[in-house]
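In case you want the letters, here they are:
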Amino acid sequence: MRAFYRRRGKRLLDLALTIPALICLAPLMGLVALLVRARLGAPVLFRQVRPGLNARPFTMIKFRTMTDARDAAGLLLPDARRLTPFGRFLRATSLDELPELWNVIRGEMSLVGPRPERGVFVERFRERIPGYDQRHRVKAGMTGWAQVNGWRGNTSLRHRVQCDLYYIAHWSLALDLRILLLTLWRGIRHRNAY
């Protein structure tokens with residue numbers, strides 16, 4: 001019963017913060033969408049299936065940051081070669097992640113939790129890192145304990161998982177609020193963002 005109320009409290013916090021955030025950020029999101037459209041064309045949004053709570057797949061939404069450039073054989077170029085300067089800026093400032101607020105509204109993600117990995121990597125990480133599967137005991141988050149402690153982007157996966165497991169073991173609404181404040185203070189623009 002206690003777990004039920006904790007989950008309900010987290011969901012209410014998500015909604016109480018996400019709905020006003022969407023309203024306040026709507027002009028910025030509209031501007032980013034227009035700039036993505038002008039620089040990269042359609043579509044403006046990038047959708048990718050990721051494993052979430054209990055490893056159930058959901059479609060995560062972000063602003064598009066890469067072109068569809070292909071080599072002579074028609075194969076997509078590697079991600080690093082398709083990332084545009086504007087896309088790099090969006091990633092460095094985490095503006096590309098703003099559409100994930102819709103994932104939070106739909107209940108597929110939370111504001112705070114482990115960042116969802118691409119499904120192609122989950123099996124590999126599951127075999128290499130003890131406790132990795134525990135990350136799927138909670139909803140994926142837009143930000144998390146790992147991110148505010150500097151473990152985002154191309155950093156140690158083991159340290160990220162350790163932070164995620166710490167978060168799961170010590171979760172509280174107070175910890176969520178602390179992580180959100182730290183995200184606003186130092187986590188939005190980070191040298192490890194990519």
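Before reading on, note that the structure itself is shown above.
Read on for an overview of the structure. (Residues numbered from 1 in each chain as written. Predicted model: local features only at pLDDT ≥ 70, side-chain atom pairs only at ≥ 80, totals over all residues. Heavy atoms only, no water.)

**Here's the deal with the overall build of the protein chain**
When helices and strands are tallied, the protein chain shows eight helices and four strands. Along its sequence from the N terminus, the protein chain presents helices and strands in the succession α-β-β-α-α-α-β-α-β-α-α-α. Looking at the protein chain as a whole, 46% of its 194 residues are labelled buried. Here the analysis covers contacts within the protein chain between residues at least 6 apart in sequence; of these, 69% occur between residues at least 24 apart. When the accessible area of the protein chain is evaluated, it comes to approximately 11,000 Å², of which 61% is carbon and sulfur surface. (Helix = DSSP H or I, 4+ residues; strand = E, 2+ residues; numbered from the N terminus. Buried < 20%, exposed > 50% of the residue type's maximum accessible area, 1.4 Å probe, protein only. Contact = heavy atoms within 4.5 Å. Areas by Shrake-Rupley, 256 points an atom, 1.4 Å probe, with all protein chains shown as cover.)

**Focus on the packing of aromatic side chains**
Under the definition given, this model contains two aromatic pairs. Each ring, one from Phe-86 and one from Phe-89, has its centre 6.3 Å from the other, and the planes form 25 degrees; the classification is stacked. Note that Phe-86 and Phe-89 are positioned in helix H3 (residues 85-92) at a spacing of three residues, about one turn of the helix. With a relative accessible area of 43%, Phe-89 lands in the partly exposed category. (Phe/Tyr/Trp six-rings, centres within 6.5 Å; stacked < 30°, edge-to-face > 60°.)

**Focus on the nonpolar core**
Judged by nonpolar contacts, the single largest core of 31 residues is most densely connected at Val-36, Phe-63, Trp-145 and Tyr-167. With residues near it in sequence (within four places) discarded, Val-36 still touches Gly-41, Val-44, Phe-63, Arg-64, Phe-86 and Leu-90. Core analysis: the second largest hydrophobic core is formed by six residues, Val-122, Ile-129, Leu-157 and Val-161 among them. (Core = buried A, V, L, I, M, F, W, Y, C linked by side-chain atoms within 4.5 Å.)

**Structural notes on H3**
Within H3, burial applies to Phe-86, Gly-87, Leu-90, Arg-91 and Ala-92. Close packing links the buried residues of H3 with helix H1 (2-40) and strand S2 (57-63). Note on H3: the residue one or two positions beyond its end, Ser-94, has a positive phi of about 65 degrees.

**Structural notes on unusual backbone geometry**
Along the chain, Ala-42 connects to Pro-43 via a cis peptide bond; the corresponding omega equals -5 degrees. By the element assignment, Pro-43 lies in the loop between H1 and strand S1 (45-51). Of note, the phi angle at Asn-54 is positive, near 55 degrees, even though the residue is not glycine. Mapped onto the fold, Asn-54 is located in the loop between S1 and S2. Look at Asn-54 and you get exposed, because its relative accessible area is 51%. Look at Ala-55: it is not a glycine, yet its phi comes out positive at around 65 degrees.

Everything listed here is a matter of geometry and, on its own, says nothing about what the molecule does.
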